[in-house]
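Analysis of the macromolecular model
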Amino acid sequence: MTKRVVMVAAVAENGVIGKDGDIPWSIPEDLKHFRATTRDNTVVMGRATFDSIGHPLPYRTNVVVTRDRSWRGEGVVVASSVEDAVAQAQGFDGDVMVIGGAQIYALAMPLATHQVLTEVHAAPEGDTHYPDFDRSQWRETDREPHDGFDFVWWERVGGDGGANR
């Protein structure tokens, strides 16, 4: 059985997800939500995202995608492409959670079966954007409104038809 490939991101109204290698807002509830959503799963990220975090995320298998074949990171699995990362993740616990950055999101979008997005009700300046996606190919399965943001679950139309979280 193929695992779900879940894009997990906080996205501003203008598509911004980052600025200067950081997140341009502070939403503690989103960090809690991110931890709960990704815990006990496999997280896939680019090397720059891993470098910005500075360490493997606990209670998750960490897969870092890099084109640098000599790169190694303590406590992480290295993959040469997003497809390689998703293939390797089939042997690890939980779903495949794609957590950034922008290039990794763009490459993973065609493989994604689900998205868990924090829609941030702001339009900050930024230099990193979440990829546009055709909403007609996705069905919103749940929405949790909060003050200043919503947690939103999406499932690809024609996906597994199963659980939405």
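Below, the structure is looked at part by part. (Residues numbered from 1 in each chain as written. Predicted model: local features only at pLDDT ≥ 70, side-chain atom pairs only at ≥ 80, totals over all residues. Heavy atoms only, no water.)

**Points about the overall build of the protein chain**
Of the regular secondary structure elements, the protein chain holds four helices and ten strands. Ordered by position from N to C terminus, the α and β elements of the protein chain give β-β-α-β-α-β-β-α-β-α-β-β-β-β. A compact globule built from 165 residues would reach a C-alpha radius of gyration of about 15 Å, and the protein chain, at 15 Å, matches this within 12%. Principal axes of the C-alpha set define a box for the protein chain whose edges measure 40 × 35 × 25 Å. The proportion of buried residues among the 165 residues of the protein chain is 45%. For the protein chain, restricting intrachain contacts to residue pairs at least 6 apart in sequence, the fraction spanning at least 24 positions comes to 59%. In the form shown here, the protein chain has an accessible surface area of approximately 8,600 Å², with 50% of it arising from carbon and sulfur atoms. Charged side chains in the protein chain number 16 positive and 25 negative. The centres of these two groups are separated by 5 Å. (Helix = DSSP H or I, 4+ residues; strand = E, 2+ residues; numbered from the N terminus. Rg over C-alpha atoms; globule rule 2.2 N^0.38 Å. Buried < 20%, exposed > 50% of the residue type's maximum accessible area, 1.4 Å probe, protein only. Contact = heavy atoms within 4.5 Å. Areas by Shrake-Rupley, 256 points an atom, 1.4 Å probe, with all protein chains shown as cover. Lys, Arg positive; Asp, Glu negative; His and termini not counted. Charge placed at Lys NZ, Arg CZ, Asp CG, Glu CD.)

**Remarks on the sheet that holds strand E3 (residues 42-46)**
The sheet built from eight strands is open, its strands ordered E5-E4-E3-E6-E1-E7-E10-E9 with mixed pairing. Among the strands making up the open sheet, the edge pair consists of strand E5 (77-79) and strand E9 (138-146). Pairwise comparison of adjacent strand axes, ignoring direction, gives a mean angle of 25 degrees for this sheet. One ladder, built from three bridges, connects E3 with strand E6 (residues 96-98); its direction is parallel. Counted as the bridge partner of Val43 is Met97 from E6. Each of strand E1 (5-12), E3, E6, strand E7 (114-120) and strand E10 (149-156) is contacted by helix H1 (residues 28-38), which is oriented at about 30 degrees to E10, the strand it contacts most. (Pairing = 2+ DSSP bridges. Axes fitted to C-alpha atoms, helices over the stretch in contact; angles between N-to-C directions.)

**Some points on the pattern of salt bridges**
Per the stated rule, a full pass over the model turns up seven salt bridges. Put simply, Glu155 and Arg139 hold a salt bridge, and the shortest N to O gap is 2.7 Å. Linking Glu155 in strand E10 with Arg139 in strand E9, this pair joins segments that are 16 residues apart in sequence. Residues Asp150 and Arg143 are paired through a salt bridge, measuring 2.8 Å at the closest nitrogen-oxygen approach. Here Asp150 falls in the buried class, since its relative accessible area comes to 9%. Each of the salt bridges in this network shares a partner with another, and the network as a whole consists of Glu119, Glu140, Arg143 and Asp150. (Salt bridge = Lys/Arg side-chain N within 4 Å of Asp/Glu carboxyl O.)

**Overview of helix H3 (residues 82-89)**
The set of residues buried in H3 consists of Val82, Ala85, Val86 and Ala89. One side of H3 carries all its buried residues, which in axial view fall inside an arc of 95 degrees. Residues of H3 that are buried make contact with E1, E3, strand E4 (61-65), E5, E6 and helix H4 (102-108). (Arc of directions from axis to C-beta.)

**What about the packing of aromatic side chains?**
Per the counting criterion, the structure on display carries six aromatic pairs. Considering the side-chain rings of Phe50 and Trp71, the 5.7 Å spacing of their centres and the 80 degrees angle between planes classify their relative orientation as edge-to-face. Here the residue Phe50 occupies a position in helix H2 (residues 47-53), and Trp71 occupies one in the loop between E4 and E5, the gap between them amounting to 21 residues. Owing to a relative accessible area of 14%, Trp71 belongs among the buried residues under this scheme. (Phe/Tyr/Trp six-rings, centres within 6.5 Å; stacked < 30°, edge-to-face > 60°.)

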